[in-house]
Amino acid sequence: MKNEFDSHFVLAVFEKIRSHGKHQDDAYTLEGVKAYTDFDGYTLFIEDASVKLSFGFHNQYHFDYEKVEQMEQFEKKLRYIDASYA
């Protein structure tokens, strides 16, 4: 599946989850989506129960999921967060 996310979108959603989400154990959760960084802050992680996005240095990213439908639902959640939170 071709991904249509750009780095600005990923970073904006990550910041919205951090700003509006519940903080627990070095992570933030909003609308069922969890966001956190690795120990040095160079890699961001955004995940739900089925999909994990790793976004790192030089805007490289990797998705981990089993079914296309899971990725589609994950994308809907991220787009909802982006549209619903300032």
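Counting restarts for each chain: residues are numbered from 1 in the order of the written sequence. With pLDDT at 70 or above as the cut-off, local features in this predicted model cover only qualifying residues; side-chain atom pairs require 80 or more to be listed or tallied, and sums for whole chains, interfaces and linings still use all residues. Each side-chain value is derived from all of the structure's non-hydrogen atoms; neither hydrogens nor water enter the calculation.

1. Some thoughts on the sheet that holds strand 4 (residues 44–47)
Being paired, for any two strands, means DSSP has found at least two bridges between them. Put simply, DSSP marks the helices as runs of H or I at least four residues long and the strands as runs of E at least two long, and each gets a number from the N terminus on. Strand order in the open sheet made by the 6 strands is 1-2-3-4-5-6, with antiparallel pairing throughout. Only two strands of the sheet have a single partner each, and these edge strands are strand 1 (22–24) and strand 6 (61–64). The sheet shows a mean angle of 20 degrees between the axes of neighbouring strands, direction not considered. Where strand 3 (residues 33–37) meets strand 4, 4 bridges bridge the pair, whose relative direction is antiparallel. The partner of Lys 34 across the bridge, within strand 4, is Glu 47. Only the stretch in contact is used when a helix axis is fitted, and all axes are lines through C-alpha atoms; the angle between N-to-C directions ranges over 0 to 180 degrees.

2. A few points about the packing of aromatic side chains
Side-chain rings of Phe, Tyr and Trp (the six-membered ring for Trp) are treated as a pair once their centres are within 6.5 Å; stacked means planes under 30 degrees apart, edge-to-face means over 60, and tilted covers the remaining angles. Summed over the entire model, instances satisfying the criterion amount to 4 aromatic pairs. Measuring from centroid to centroid gives 5.9 Å for Tyr 42 and Phe 57, while their planes differ by 85 degrees, and the two rings are edge-to-face. In this pair, Tyr 42 is assigned in the loop between strand 3 and strand 4 and Phe 57 in the loop between strand 5 (52–55) and strand 6, connecting sequence segments 15 residues apart. This pair shows no difference in class: Tyr 42 is exposed, exactly as Phe 57 is. Between Phe 63 and Phe 74, the ring centres sit 6.5 Å apart and the planes meet at 80 degrees, which makes this aromatic pair edge-to-face. You can see Phe 63 sitting in strand 6 and its partner Phe 74 sitting in helix 2 (residues 68–84), a full 11 residues away along the chain. Only protein chains enter the accessibility calculation, which uses a 1.4 Å probe; a residue is then buried when its area is under 20% of its type maximum, exposed when over 50%, and partly exposed in between.

3. What about the pairing of strand 5?
Bridge count between strand 4 and strand 5: 4 bridges; the pairing is antiparallel. Bridge pairing in strand 5 links Ile 46 to Leu 53. From the end of strand 4 to the start of strand 5, which pair antiparallel, there are 4 residues. Between strand 5 and the antiparallel strand that follows it, strand 6, lie 5 residues; His 58 among them carries a positive phi value of about 60 degrees.

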